[in-house]
Amino acid sequence: MPEPMELAYEERGSGPVLLFVHGFPFDRTMWIAQLAGLAKLRTAVAVDLRGSGLSNTNSGSDFSMDLFADDIAKTMDVIGADQADLAGLSMGGYVLFSFWRRHPDRVRSLIFIDTKAEADGDEAKAGREKTAELVAEKGLQPLYETLGPKVVGSSPSIEVQDKVKEMFLNTAPEVAAADSLAMRDRPDSTGDLGSITVPVLWMHGEEDTLMPIDGARASAGKIPGAHFVSIPKGGHVSPMENPDAVNAAIADFLKSQGN
Ligand code: MLT
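Conventions and cut-offs
Residues numbered from 1 in each chain as written. Predicted model: local features only at pLDDT ≥ 70, side-chain atom pairs only at ≥ 80, totals over all residues. Heavy atoms only, no water. 1 Å grid on protein atoms, 1.4 Å probe; cavity = no way out; pocket = protein on both sides within 12 Å on 5 of 7 lines; lining within 4 Å. Points joined across faces, edges and corners; volume = space filled by probe spheres on them. Helix = DSSP H or I, 4+ residues; strand = E, 2+ residues; numbered from the N terminus. Pairing = 2+ DSSP bridges. Right-handed = clockwise from strand over helix to strand, strands pointing away. Near = heavy atom within 4 Å. Polar contact = N/O pair within 3.5 Å; in protein donor to acceptor, adjacent residues only side chain to side chain. Sits in = over half its atoms within 2 Å of the grid points. Nonpolar A, V, L, I, M, F, W, Y, C, P; charged D, E, K, R; others polar. Buried < 20%, exposed > 50% of the residue type's maximum accessible area, 1.4 Å probe, protein only. Arc of directions from axis to C-beta. Contact = heavy atoms within 4.5 Å. Axes fitted to C-alpha atoms, helices over the stretch in contact; angles between N-to-C directions. Left-handed = near helix turned anticlockwise from the far one by under 90°.

S.K.: An account of empty space enclosed by the protein is needed here, citing residue identities and associated values.
M.R.: Overall, the coordinates contain one cavity of 30 Å³ or more when judged by the stated rule. Reported here for the largest cavity is a volume of approximately 40 Å³. In terms of lining, the largest cavity is formed by Met65, Tyr94, Phe97, Arg101, Lys116, Ala117, Glu118, Arg186, Pro187 and Ser189. If one sorts the elements of the lining of the largest cavity by residue count, helix H3 (residues 91-102) sits on top with three residues.

Following this line, the structure appears as structure tokens:
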């Protein structure tokens, strides 16, 4: 596995660190509303995963959820955060499961958003390989045309649609290919659900068609004491589509921990 790297990040606020991990094929800018809205409670930090956004110094190869998790641990070292509340959307949630397995002592709480614990089945794995080939050959535009409309719920604003498009098209093809293969190879995390011992919030867009909410609710139900919040008017990028509801749920969750 390559050496962990220090990730590019953006931060707002002060106090204990609340760190956000983006999905695929996105970057730290998907969390603009969370950084603005939650900086009064925490040092809100949004990272760019290896290859994405401003962490694009690395060409995309040999990526894994474990490597992404180790990159985050290294970045926490740089920030001076022994522990953090960690929030991850979709692929970011897969990274959180790896982080929990590899660095449990550094986790204060986990916030899963529009994600799932299951590994890919055979068909999904084959789809990852097709995606990797497609983006390597033709760039991100064709992937955006098929996947972009499915990422949002039924009534996305123009701003959200534009932002989603911008992030897709800003992702380097070799990075999207490497991300896709890393997701193909991620382990199943369902066996870990019952042994998560930190506080957990799981939020899920009611209109998420890529990862239907019922499966998410079932997974959250296996985590001892987890809070589950469904986000109205949210598709697969609910923090962008309904930031008020997402920020309120995170704020309530953090306050319920007494810090
Ligand atoms: C994401 O938003 O990160 C992706 O939908 C995750 C996936 O393709 O499994």
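Okay, back to it.
S.K.: Requested: an account of the pairing of strand S7 (residues 227-231), with residues and values cited.
M.R.: The sheet contact formed by strand S6 (residues 200-205) and S7 spans five bridges and is parallel. For Trp202, the partnering residue across the bridge sits in S7 and is Phe228. Where the polypeptide runs from S6 across helix H8 (residues 213-221) and back to S7, its parallel neighbour, the crossover connection is right-handed.

S.K.: Run through the site of the ligand, naming residues and quoting values.
M.R.: Taken together, Gly23, Phe24, Ser90, Met91, Tyr94, Arg128, Met183, Met211 and His236 make up the full set of residues adjacent to the ligand. Between the ligand and the protein, one listed contact pairs an oxygen atom with a backbone N or O atom of Phe24 at 2.7 Å. Separating an oxygen atom of the ligand from a side-chain N or O atom of Arg128 is a distance of 2.7 Å. At a threshold of 2 Å from the grid points, most atoms of the ligand map onto the largest pocket. Its residues assigned to classes, the shell around the ligand comprises five nonpolar, three polar and one charged.

S.K.: Break down H8 for me, with residues and values.
M.R.: Of all the positions in H8, only Ile213, Ala216, Ser219 and Ala220 are classed as buried. All buried residues of H8 fall inside an arc of 120° around its axis, so they share one side. Away from the buried face of H8 by more than 90 degrees, exposed residues Asp214 and Gly221 are located. Buried positions along H8 lie against S6 and S7.

S.K.: How would you sum up the packing of helix H5 (residues 141-151) against helix H6 (residues 158-170)? Please name residues and give values.
M.R.: Following both chains from N to C, one finds H5 and H6 inclined at 145°, their axes separated by 10 Å at the closest point. Between H5 and H6 lies a crossing of right-handed hand. Across the interface between the two elements, Gln141, Leu143, Tyr144, Leu147, Gly148 and Val151 from H5 touch Gln161, Val164, Lys165, Phe168 and Leu169 from H6. Taken together, the residues of the contact of H5 with H6 sort by class into seven nonpolar, three polar and one charged.

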